[in-house]
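# Tertiary structure, described
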Amino acid sequence: MLVSTPLTCTQTLLRFVEKPAYPWSGVRLRLPAVATALRFAGVISPSARRLTLVLSLLAQPELGVEDTATPHKVCTPQGNPKPHSVHTKLHFYPFHTGRLIIIGDVHGCALELAQLLVKIKYDRGRDKLVFVGDLVNKGPNSLQVLRLAMTLGAAAVRGNHDDQALSAYRKLREDAQAVAPHLRWVKAMRPEEAAFLRDLPFTISVPSHRLLIVHAGLVPERPKFKQNFLDMYLMRDVTPAAGDGYSACRPELGEPWASKWDGPEHIIFGHDARRRLQKYPSCTGIDTGCVYGGTLTACIMPIVLPEALDENMTGAPTLDMLHAQLLHVPAAKKYVKVT
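Residues numbered from 1 in each chain as written. Predicted model: local features only at pLDDT ≥ 70, side-chain atom pairs only at ≥ 80, totals over all residues. Heavy atoms only, no water.

## Digging into the overall build of the chain
Inclusion rule: Numbering of helices and strands runs from the N terminus; a helix is a DSSP stretch of H or I covering at least four residues, while a strand is a stretch of E covering at least two. Note on exposure labels: buried denotes an accessible area under 20% of the residue type's maximum, exposed denotes more than 50%, and partly exposed covers the range between, all computed with a 1.4 Å probe on protein chains only.
Along the chain, the regular secondary structure elements total eight helices and 15 strands. Across the 339 residues that make up the chain, the buried fraction comes to 56%.

Here it is as structure tokens:
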């Protein structure tokens, strides 16, 4: 009798995404093949097998457009066209009873991502997977991470490295420009994978949980629709502004923006690997530096909260109110130095 080990599970996932099957690639979705691979890897529980295809088609949450007329610039800081929606909302159907799983900066660490999915017993038919950005670059397997995220129907916000990779791909295809050595992997990227990066929003909000997901952060006391692209995927610290509120600044000149955020939404973010896990009443930072030899972290909470949030509550909900837990897997090695 063959007993699957964690290594067997992760290798199965990674071999499968060499020939990815994207849920939106047409009528013949190949989802049974996805389900078979994930069941073998122990990611889909046996009790969910018969419902996997049905739930994948019917029970997946909607990513709704929130601001097609947003007043942001036409291009991102890397010169890419801005996404159709800068800010989106994640809506769940009433019968969707799985878990919301938010994963920190992966940076091409495909082995650790697969191990984390196995550890948390990820169920493709019931759970919704969201990444905080920076799926790619620095680590050894950016393309595998991108393909696995797409195969699993995951959502993600845009990180600075995702935007950088898309810019390199666009320049390579449109102008035949040379790419930097650390971006050579984009030469193997397919048009549909570039489209996935192109459409990544800068924030995803979950109204039912009063939750917001962003790569780097939001400037406190500034409305979401007035945040700029650079801050949302590069900011770490803020300093008091000349008038009221705050403005982004160099790390050595200010304080963590998350320490100043008081709602109304709880923010899950990444980007700040030097500080590792950050836990504030209204914010949680889950870039725990996997690519730098740290860990890869998942923040997991029920889609249907046992107790509904008080509509009249002031401030942001805490992780305890969201019944959230944090799980980690260690990095296999230190791939790069912290920058």
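## Quick word on the environment of Leu319
This is how the line gets drawn: Residue contacts follow a heavy-atom distance rule, with two residues in contact if any of their heavy atoms lie within 4.5 Å.
For Leu319, the location among the structural elements is in the loop between β14 (295-302) and β15 (325-330). Sequence separation between Leu319 and His266 is 53 residues; the distance between their C-alpha atoms is 8.2 Å. Not counting residues within four places of it along the chain, the set of residues in contact with Leu319 comprises His266, Ile268, Lys279, Thr284, Cys299, Ala324 and Leu326.

## Points about the pairing of strand β11 (residues 266-269)
The cut-off we apply is this: One requirement defines pairing of two strands: DSSP has to find at least two bridges between them.
Here β11 shows no split at all, with His266 and Ile268 on one side and Ile267 and Phe269 on the other all buried. Across three bridges, strand β7 (residues 211-214) lies against β11 in parallel orientation. Its bridge partner being in β11, Ile213 is matched across the sheet by Ile268. In this sheet, strand β13 (residues 283-285) lies alongside β11 in parallel orientation, the contact comprising three bridges. The residue of β13 that forms the bridge with Phe269 is Gly285.

## Brief notes about the sheet that holds strand β8 (residues 237-240)
In sheet architecture, strand pairing relies on hydrogen bonds along the backbone and comes in two forms, parallel and antiparallel. Sheet architecture is open: three strands sit in the order β9-β8-β10, paired in antiparallel fashion. With partners counted over all chains shown, the strands left at the sheet margins are β9 (246-249) and β10 (255-256), one partner each. Two strands pair when backbone bridges link them, and β8 and β10 are joined in this way by two bridges, in the antiparallel orientation. Each residue of the ladder has a partner; that of Asp237, found in β10, is Pro256.

## Re the pairing of strand β4 (residues 128-131)
The following threshold applies: Viewed with both strands pointing away, a crossover whose connecting path from the first strand over the helix to the second turns clockwise is right-handed.
Because side chains alternate across β4, one face comprises the buried residues Lys128 and Val130, and the other comprises Leu129 and Phe131, equally buried. Bridge count between strand β3 (residues 99-103) and β4: four bridges; the pairing is parallel. Paired with Ile101 across the strands is Leu129, a residue of β4. The parallel pair β3 and β4, bridged by helix α4 (residues 110-119), forms a crossover whose chirality is right-handed.

## Regarding unusual backbone geometry
The omega torsion across Gly263 and Pro264 is 15°, close enough to zero to call that bond cis. Tracing the sequence through the fold places Pro264 in the loop between β10 and β11. A positive phi angle, near 50°, is found at Arg210, a position not held by glycine. Residue placement: Arg210 occurs in the loop between β6 (203-206) and β7. Overall, Arg210 belongs to the buried group, its relative accessible area being 18%. Here Glu221, not a glycine, exhibits a phi torsion of approximately 65°, which is positive. Here Glu221 is to be found in the loop between β7 and α8 (229-234). The exposure class of Glu221 is exposed, given its relative accessible area of 62%.

## Notes on the sheet that holds β15
Spelled out, the test is: For helices, the axis comes from a line fit to the C-alpha atoms of the stretch in contact; other axes are also lines fit to C-alpha atoms, and the angle between any two N-to-C directions lies between 0 and 180 degrees.
Taken in spatial order, the five strands line up as β5-β4-β3-β14-β15 in an open sheet, and their pairing is mixed. What marks the edges here is a single partner per strand, and that holds for β5 (155-156) and β15. By the bridge criterion, five bridges tie β3 to β14 in an arrangement that is antiparallel. Residue Arg99 lies in a different strand from β14, and its bridge partner there is Pro302. Running at roughly 135° to β15, α4 makes contact with β3, β4, β14 and β15 of the sheet.

## Comments concerning the environment of Leu113
Mapped onto the elements, Leu113 comes out in helix α4. Residue Leu113 is classed as buried on the basis of its relative accessible area, which comes to 0%. Considered as a pair, Leu113 and Ala331 are 218 residues apart in the sequence and their alpha carbons are 9.6 Å apart. Aside from chain neighbours lying at most four places away, what touches Leu113 is Ile103, Val106, Phe131, Val145, Leu148 and Leu296.

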